[in-house]
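Single-letter residue listing:
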Amino acid sequence: MPLPDLTHLQFLVLSILLDGEQAGRDVRQKLEDEGESKSGPAFYQMMARLEEAGSVEGWYDEKVIDGQRIKERRYRITGAGEAARQEVWEFYRHHFRRKKLSGKLGTA
Amino acid sequence: MQTIEVSDAEWIFVRECLDIPIHELSPVEARAILWHSGEFLISQCSPAEIETFRGILEKEPLSNEMLARARGLNLTLRSHATDPEKAADRIAAEAPSDGLPRFWRLFSYLLSRKSREELFEPAYNDMLQDYLETRGQYRTKWAKRWLKLVFTLKTVSMVCGCMRAALVEKGKNAILCLLPGPFRQWLARWF
């Protein structure tokens, strides 16, 4: 089985986006909750790479806060992104199973 | 209890025309004020909505203070354009702004266009959202000054973060260019 193309952070972002479209700041907050703190520019750089790879789709939404219009970057996972995430998921599941099995055989 | 949606335009009307902090009003109160403010906005409500407001107001009549504010709003609305959406746009455009966000944006011109669009712009908008939400919670002069200073420093730090990210990207690309093909492909996925 080939090595997955996604880093663990990208995998986490795609997993978060499986819940549906979300604002960038919410995704960043969820990453922080998972113990993966990233600065704004670093986070959006990662998102830009995911967009370039076709795994996510990003756009700006308008919002009015305190009487001022602001833009908010929102993201949704694409079909390619879901497939890439699934591939990584299968990869780890496959290896965990093998590891578990060899561990059992080793102790037997 | 029935839930009533209040549009952004309506919130702007209530906030700007009555000078009431949003967190002091429930959506029902905001809508009731708007409804009481006269026929100007009633035209925006469906008959079902009007019936709902009537029911709410019969059960929980507005206080004298709210009624006075509603009358004030009615006078203000009449002085605006007849199209509420356009008036809301104008009010939003005229909303008190301390000019700082425009100043902060100037920092971004230190960056390349790609970094500005991909890194700075979304991060800046998130920060601006934080700033506006925080500003609404503090009303004193010194708190506002402190917030301005803190968010200016955050903007500078963000521009530095964008520069760093852009430099790392360039450095990474330069290193990858020097490597042989298969090794480059393998390494690229971990950067």
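What you see is a predicted model, and the numbers here were worked out from it, not measured in a lab. (Residues numbered from 1 in each chain as written. Chains lettered and ligands numbered in written order. Predicted model: local features only at pLDDT ≥ 70, side-chain atom pairs only at ≥ 80, totals over all residues.)

A. Quick look at the environment of Glu-87 of chain A. Tracing the backbone through its elements, the reader meets Glu-87 of chain A in helix H4 (residues 79–107). Each C-alpha atom of the pair Glu-87 of chain A and Asp-5 of chain A lies 8.9 Å from the other, and the pair is 82 residues apart in sequence. (Helix = DSSP H or I, 4+ residues; strand = E, 2+ residues; numbered from the N terminus.)

B. Region of interest: helix H1 (residues 8–17) of chain A. Looking at H1 of chain A, one finds that the buried residues are Gln-10, Val-13, Leu-14, Ile-16 and Leu-17 of chain A. Down the axis of H1 of chain A, the sector holding all buried residues measures 160°, keeping them to one side. (Buried ≥ 20, exposed ≤ 12 C-beta atoms within 10 Å, placed from the backbone. Arc of directions from axis to C-beta.)

C. The nonpolar core, seen in detail. Grouped together as the largest cluster of nonpolar side chains are 29 residues, with contacts concentrated most on Leu-17 and Met-47 of chain A together with Phe-120, Ala-123, Met-127, Met-158 and Cys-162 of chain B. At the level of elements, H1, helix H3 (40–52) and strand E3 (68–77) of chain A together with helix H8 (113–135) and helix H9 (141–178) of chain B are the ones that each hand at least two residues to this core. The element contributing the most residues to this core is H8 of chain B, with 7 residues. Beyond its immediate chain neighbours, meaning those up to four positions away, Leu-17 of chain A contacts Gln-22, Val-27, Val-56, Tyr-75, Arg-76 and Ile-77 of chain A. (Core = buried A, V, L, I, M, F, W, Y, C linked by C-beta atoms within 7 Å. Contact = placed C-beta atoms within 7 Å.)

D. Inspection of the sheet that holds E3 of chain A at higher detail. All names here are of chain A. The 3 strands lie next to each other as E1-E3-E2, forming an open sheet whose pairing is antiparallel. Each having just a single partner strand, strand E1 (22–23) and strand E2 (56–65) make up the two edges of the open sheet. Here E2 runs beside E3; their pairing, made up of 10 bridges, is antiparallel. Paired with Lys-63 across the bridge in E3 is Ile-70. Packed onto the sheet, H3 meets E2 and E3 and runs at close to 130° relative to E2. (Pairing = 2+ DSSP bridges. Axes fitted to C-alpha atoms, helices over the stretch in contact; angles between N-to-C directions.)

E. Broad picture of the packing of H3 of chain A against H8 of chain B. Two numbers describe how H3 of chain A lies on H8 of chain B: the axes approach to 8 Å, and their chain directions differ by 125°. It follows from the interaxial angle that H3 of chain A and H8 of chain B lie oblique. Note that H3 of chain A runs across H8 of chain B; the crossing there is right-handed. In contact with Gly-40, Pro-41, Tyr-44, Gln-45 and Ala-48 of chain A of H3 of chain A, H8 of chain B contributes Glu-118, Leu-119, Phe-120, Pro-122, Ala-123, Asp-126 and Met-127 of chain B. Split into classes, the residues belonging to the contact of H3 of chain A with H8 of chain B amount to 8 nonpolar, 2 polar and 2 charged. (Parallel < 35°, antiparallel > 145°, perpendicular 65-115°, else oblique. Left-handed = near helix turned anticlockwise from the far one by under 90°. Nonpolar A, V, L, I, M, F, W, Y, C, P; charged D, E, K, R; others polar.)

F. Spotlight on the confidence of the model for chain B. Residue and element names in this part refer to chain B. Averaged over chain B, the pLDDT score is 68; the fraction of residues at 70 or greater is 45%. Within chain B, H8 carries the highest mean pLDDT (88), whereas helix H3 (residues 39–42) carries the lowest (46). Low pLDDT (under 50) marks residues 80–84, which in the prediction has 6 contacts with non-local residues, meaning those over four places away or in another chain. A low-confidence stretch, residues 90–96 (pLDDT under 50), is modelled with 9 contacts involving residues beyond four sequence positions or located in other chains. (pLDDT = per-residue confidence, 0-100.)

G. Examining helix H2 (residues 24–33) of chain A more closely. For H2 of chain A, the full list of buried residues reads Gly-24, Arg-25, Val-27 and Arg-28 of chain A. For H2 of chain A, the arc enclosing every buried residue in end-on projection is 160°, short of the 170-degree limit, so these residues lie on one face. For H2 of chain A, the secondary structure elements touched by its buried residues are H1, E1, H3 and E3 of chain A together with H8 of chain B. Just past H2 of chain A, the residue Gly-35 of chain A takes up positive phi, approximately 85°.

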